[in-house]
Structure formats: structure tokens, C-alpha cells
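Listed below, chain by chain, are the residues.
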Amino acid sequence: MYNFVNLISAWAIPVIIVFIPLYAAYRKVPVYESFVDGAKDGFDTAIRIIPHLVGMMVAISVFRASGAMDLFIGWLKPLCEEIGVPSEIIPLAFLRPITGAGSLAFTTDLISQFGPDSMVGRIASTIQGSTDTTLYVITVYFGAIGIRKAGYALKVGLISDAVGFVASIVVCYLVFM
């Protein structure tokens, strides 16, 4: 079974890359022109979202440099240790909704420090796969299409991140303990 999954993994992307242009040509879609138009639209979108990304990166830097994140983590550590949650994963709860690269780097550090088979490594990996970079997604997607009122989407996204965080901990304890 493992070899079969590896075989599918190795061939899936090349088959898709060959299949899509062939199917488009069969349907008489101008493949190259469509690609160029899409790339041009993507470039325009990238230009439009740069101010939103810069604003988000400044806000993240201020949040971390001001010590606010460390203050929140300090408040939550005793509570987490009381209920048996490793306090090392608390920063991930703040980083994951904000930045994918930052949370991945933090998860990598946790796995390097504690090991991939440790409870901390397993919980961090599960959180990484069960939550999303909500603020980044809202900034990029809503900024790209000009949506200004993102309050409900932000609330729902952050609530789902919190649920994913708690569910990751619960599932890891149920599966690995």
C-alpha cells in the first residue's frame, strides 16, 4: 500500500500538468493566451494586495515587539500547565492565525527541540494542519477583491482556529496517550 501511495504521489503532478493543456487543446481553448491573461490578472492582484500585506506585517511586528504576545503567553502558561496542555505550544495559538511562515518556523523549532514523536511535536503538527492563517487569508483575499467589511469572516475564522487548536490537543491526547 505504501508503495502504491508513493507511486501515485510521484505521478500525480506530472499527469495533471500534461492533462490540463491537452484537454484544453481538445476543447479548443487557446491555452497559451489563457495562461498569459491569467498571469497578467495575477500580477494586477499582487499589486493591489501589497498595501494590505504591508499593513498586516507591520501589525504583526508591533504585536510581537511590544511584548503583547509574551504577556498573553505568560498569562496562559499556568492555566495550560494546570489542565495538562504543554505550554510550549501556546505561541502557536497566536502565530498560526497571523502568519503561516512564522508558525511553520515555530513548529519546526518545536519538533527539533522535542522530536517529532513527542506529544509537543505531534500537537504542534496537528495544529499546523488543522488551523489556517486567518488574518493572512482575509487580508489577501478580501483585499484582492476590495471587501472592506470583514468583521464576520474574521470572527468565524478566529473561532474556527480556536476550535482547531483545542481539537488538535484533544485528538492528540486521545490518539497518542
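Please refer to the structure higher up on the page.
Computed from a prediction, not measured in an experiment: that's the story for all the values here.

Draft legend 1. Region of the structure containing the overall build of the chain. If you tally the helices and strands in the chain, you get 8 helices and 0 strands. The globule rule puts the C-alpha radius of gyration for 177 residues at 16 Å, and the 21 Å found for the chain is more than 25% above it. Expressed along its principal axes, the backbone C-alpha trace of the chain runs to roughly 65 × 50 × 25 Å. By residue count, 27% of the 177 residues in the chain fall in the buried class.

Draft legend 2. Expanded view of the packing of helix H2 (residues 31–65) against helix H7 (residues 134–145). Two numbers describe how H2 lies on H7: the axes approach to 8 Å, and their chain directions differ by 145°. When you trace H2 past H7, the crossing you get is right-handed. For the pair formed by H2 and H7, the contact residues are Thr45, Arg48, Ile49, His52, Leu53 and Met56 on the first element and Leu135, Tyr136, Thr139, Val140, Gly143 and Ala144 on the second. Each residue belonging to the contact of H2 with H7 can be placed in one class, and the counts come to 7 nonpolar, 4 polar and 1 charged.

Draft legend 3. Looking closely at the packing of H7 against helix H8 (residues 151–176). Across the interface, H7 lies against H8 with an axial gap of 9 Å and an inter-helix angle of 150°. Classified by the angle their axes make, H7 and H8 are roughly antiparallel. Of the two elements, H7 crosses H8, and the hand of that crossing is right-handed. Seen from H7, the contacting residues are Thr134, Leu135, Ile138 and Phe142; seen from H8, they are Ala153, Leu154, Gly157, Leu158 and Asp161. Residues belonging to the contact of H7 with H8 are distributed by class as follows: 6 nonpolar, 2 polar and 1 charged.

Draft legend 4. Looking closely at the packing of aromatic side chains. Using the criterion set out here, one finds 4 aromatic pairs in the structure. With centroids separated by 5.7 Å and ring planes inclined at 75°, the aromatic side chains of Phe72 and Trp75 adopt a geometry described as edge-to-face. In this pair, Phe72 and Trp75 are both assigned in helix H3 (residues 68–83), 3 residues apart and thus about one turn of the helix distant. According to the relative accessible area criterion, Phe72 is partly exposed, its value standing at 32%. Take Trp75: its relative accessible area is 57%, and that puts it in the exposed class. Site record: aromatic cluster; members linked through ring pairs are Phe19, Tyr23 and Tyr26. Sitting over the ring of Phe176, Arg122 keeps its end group 4.1 Å from the ring centre.

Draft legend 5. Representation of the nonpolar core. Counting residues in hydrophobic clusters, the biggest one holds 18 residues, and the most contacted among them are Ile89, Leu110, Ile123, Ile127 and Ile169. Taken together, the elements giving at least two residues each to this core come down to H3, helix H4 (90–95), helix H5 (100–114), helix H6 (119–130) and H8. The dominant element in this core, judged by the number of residues it contributes, is H6, at 5 residues.

Draft legend 6. A look at unusual backbone geometry. A positive phi angle is found at Lys28, which is not glycine, with a value near 65°. For Lys28, a relative accessible area of 73% puts it in the exposed group.

Cut-offs and rules
Residues numbered from 1 in each chain as written. Predicted model: local features only at pLDDT ≥ 70, side-chain atom pairs only at ≥ 80, totals over all residues. Heavy atoms only, no water. Helix = DSSP H or I, 4+ residues; strand = E, 2+ residues; numbered from the N terminus. Rg over C-alpha atoms; globule rule 2.2 N^0.38 Å. Buried < 20%, exposed > 50% of the residue type's maximum accessible area, 1.4 Å probe, protein only. Axes fitted to C-alpha atoms, helices over the stretch in contact; angles between N-to-C directions. Left-handed = near helix turned anticlockwise from the far one by under 90°. Contact = heavy atoms within 4.5 Å. Nonpolar A, V, L, I, M, F, W, Y, C, P; charged D, E, K, R; others polar. Parallel < 35°, antiparallel > 145°, perpendicular 65-115°, else oblique. Phe/Tyr/Trp six-rings, centres within 6.5 Å; stacked < 30°, edge-to-face > 60°. Lys NZ or Arg CZ within 6 Å of the ring centre and 35° of its normal. Core = buried A, V, L, I, M, F, W, Y, C linked by side-chain atoms within 4.5 Å.

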